[in-house]
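# Structural overview for review
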Amino acid sequence: MSDLLGIGASGVRAYQTALTTVSENISNASTPGYAKRTTDLREIAPANSLTANNATTTGQGVSVAGVTRAADSLRAADVRNASADLARSETGIAWLDRIETALTGNQLGDRLTGFFNAAKAVAADPTSTTPRSALLEQASSVANSFTATGKALNNLDADVDATADNAVATLNTLGASLAKVNEGLGRVTPGSNGAAQLADQRDAILDQISAISDITVTTDSVGRATVKLGNAGGPTFVEANQAANVTFARGTDGTVSFALHTQQAVSTVTPNGGALAGVIDGAARIADARTKLNAIATAFTDGVNAVQAQGNDLDGKSGAALFSVGTTPTDISLSLTDPRGVAAAGAGKGVRDNSNLANLDALRTSGAFEANTTALISGNASTLANRKQVADAQSAIRDNAVAARDAVSGVNLDSEAVDLLRFQQAYQASSRVIQVARDTLQSILDIH
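Notes on the structure follow.

### A short note on the packing of aromatic side chains
Counted under the stated rule, the structure contains 10 aromatic pairs. Consider the rings of F115 and F323, whose centres lie 6.2 Å apart with planes at 55°: the pair is tilted. One end of the pair, F115, is in helix α3 (residues 108-124); the other, F323, is in strand β13 (residues 323-325), and 208 residues separate them in sequence. A residue is classified by how much of its surface remains accessible, and F115, at 1% relative accessible area, is buried. Where F116 meets F369, the ring centres are 6.1 Å apart and the plane angle is 5°; that geometry is what we call stacked. Of this pair, F116 sits in helix α3 while F369 sits in helix α8 (residues 369-409); the two residues are 253 residues apart in sequence, bridging distant segments of the chain. Overall, F369 belongs to the buried group, its relative accessible area being 2%. Through a chain of ring-to-ring contacts, the aromatic side chains of F115, F116, F146, F300, F323 and F369 assemble into a single cluster.

This is the structure we're talking about:
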């Protein structure tokens, strides 16, 4: 009877654990990052051989071998890789959007057109001060537009720095958290609910890290994660209960870089995915836009001032510079304030002459300032459109990867309901075994 009681009791304990696990699954069916758990049940084998003294022996009931967490490391890695690719594109799109706003917000192209058209009005009536005043107003508008556009790009640099600093700070915080989870995994009993909970936390942190930088992950026998930034040859960010520190730096050419610091060395980090890679892309795009804008600004101011110097103003004097330039090529201001100072006439040809303005019209054609400005804006817009198409495809890839992962690790309420009923019946049957054993034992005692 003791064997029957023991077998029944083991069943009650085991199926109570199984019911608890199923209940936990059902309760967390909508919890992000939760992976389905299964109670592993095993027969308690007899202590001796299956036969003893020519008598057949039976098992001793059932025991809980542990709790298995439903997870597929390859599918989890697919999600991280797809998320890193998408995060890079989305971050790059955000900066391209802001570059477009910076380049178009001050209507530089329209201001350039207005300036050259105003010069034609002066050519039509070179002795009148009214069109000359209008030309100076347009010149001031061009100067202000160049300056504002340059400042808008500079402001983007400051935002890039802030974004990079925040991303690095978040990455370091996540690394420290993962190191603590690794430490916990090293202490907790494998196959326990505690181990499953820590593994859920580990994978959630890894997903967050992959949104900041692409990573390569390996796990040891107890589930502790070793994380390398970038590909498998990248520097080790987290290993066991130790996490490195990542920093951000800005180059003189406007580019950004990242480095990983440990107690032993400093390594260069070259992310190919995640927000950090998007920041690198954005900084490069901003630097390229600034270089092209500076080239347009320099060619414009130098060209217009050179044309001014070739002619005579309304008082017969050599033309003075129309623009002055500050510390940057786009830091432009109007240096000529007197409308009579516009050098419309060719040198020595009299105040009614307008031939020098033909040189300004030729500069408009050769300098292609309006066309270059349009090309700068349209080039950024084209890159932005292409990047959005790529992001749409990457979003679909990421969603498919998540669906494939969740098909393995997600909780299916229908199957859990079936397990709940099955384990409930097994629990009740085990309880019935105990009751039968007690009744039988009582009957034997009553005989004696």
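### Things to note about the sheet that holds strand β11 (residues 266-269)
The strands that make up a sheet are held in pairs by hydrogen bonds between backbone atoms, and each pair lies either parallel or antiparallel. Judged by pairing direction, the sheet is antiparallel, and its 3 strands sit side by side in the order β9-β10-β11 without closing on themselves. This sheet does not close on itself; its edge strands, each paired only once, are β9 (245-250) and β11. Each strand of the sheet is rotated relative to its neighbour by a mean of 30°, with strand direction disregarded. Taken strand by strand, helix α4 (residues 129-187) contacts β9 and β10 (256-261), and its axis lies near 170° from that of β9. Packing against the sheet, helix α6 (residues 274-310) makes contact with β9 and β10, and its axis sits at approximately 150° to β10.

### A closer look at the layout of surface pockets
There is about 610 Å³ of room inside the largest pocket. As for the largest pocket, its lining consists of 30 residues, and the residues nearest its centre are R69, A199, R202, T219 and G223. Top contributing element to the lining of the largest pocket by residue count: helix α5 (residues 193-210), with 6 residues. Of the residues that constitute the lining of the largest pocket, the class distribution is 14 nonpolar, 10 polar and 6 charged. In this structure, the second largest pocket encloses a volume near 320 Å³.

### Notes on a nonpolar patch on the surface
Together, I26, L413 and L420 make up an exposed nonpolar region whose accessible area comes to about 220 Å². For I26, the position within the fold is in helix α1 (residues 2-27).

### A closer look at the side chain of S409
The topology assignment puts S409 in helix α8. You can call S409 buried: its relative accessible area is 10%. Residues in contact with S409, not counting those within four places in the same chain, are Y34, A35, K36, A70 and A71.

### What to know about α8
Here α8 contains 41 residues, and its C-alpha end-to-end distance of 58 Å stays within 8% of the 60 Å for a straight helix at 1.5 Å per residue. For α8, the full list of buried residues reads F369, E370, T373, L376, N380, T383, L384, R387, A391, Q394, A401 and S409.

### Considerations on α5
The α-helix winds at 3.6 residues per turn, so residues separated by three or four positions along the chain end up facing the same way. The end-to-end C-alpha distance of α5, which contains 18 residues, comes to 26 Å, matching closely the 26 Å that a straight helix rising 1.5 Å per residue would cover. Residues A195, A196, L198, A199, D200, R202, D203, I205, L206, I209 and S210 constitute the buried set of α5.

What counts and what doesn't
Residues numbered from 1 in each chain as written. Predicted model: local features only at pLDDT ≥ 70, side-chain atom pairs only at ≥ 80, totals over all residues. Heavy atoms only, no water. Phe/Tyr/Trp six-rings, centres within 6.5 Å; stacked < 30°, edge-to-face > 60°. Helix = DSSP H or I, 4+ residues; strand = E, 2+ residues; numbered from the N terminus. Buried < 20%, exposed > 50% of the residue type's maximum accessible area, 1.4 Å probe, protein only. Pairing = 2+ DSSP bridges. Axes fitted to C-alpha atoms, helices over the stretch in contact; angles between N-to-C directions. Contact = heavy atoms within 4.5 Å. 1 Å grid on protein atoms, 1.4 Å probe; cavity = no way out; pocket = protein on both sides within 12 Å on 5 of 7 lines; lining within 4 Å. Points joined across faces, edges and corners; volume = space filled by probe spheres on them. Nonpolar A, V, L, I, M, F, W, Y, C, P; charged D, E, K, R; others polar. Patch = residues over 30% accessible without salt bridge, like charges linked within 9 Å, V, L, I, M, F, W, Y side chains within 5 Å. Areas by Shrake-Rupley, 256 points an atom, 1.4 Å probe, with all protein chains shown as cover. Salt bridge = Lys/Arg side-chain N within 4 Å of Asp/Glu carboxyl O. Expected span 1.5 Å × (residues − 1).

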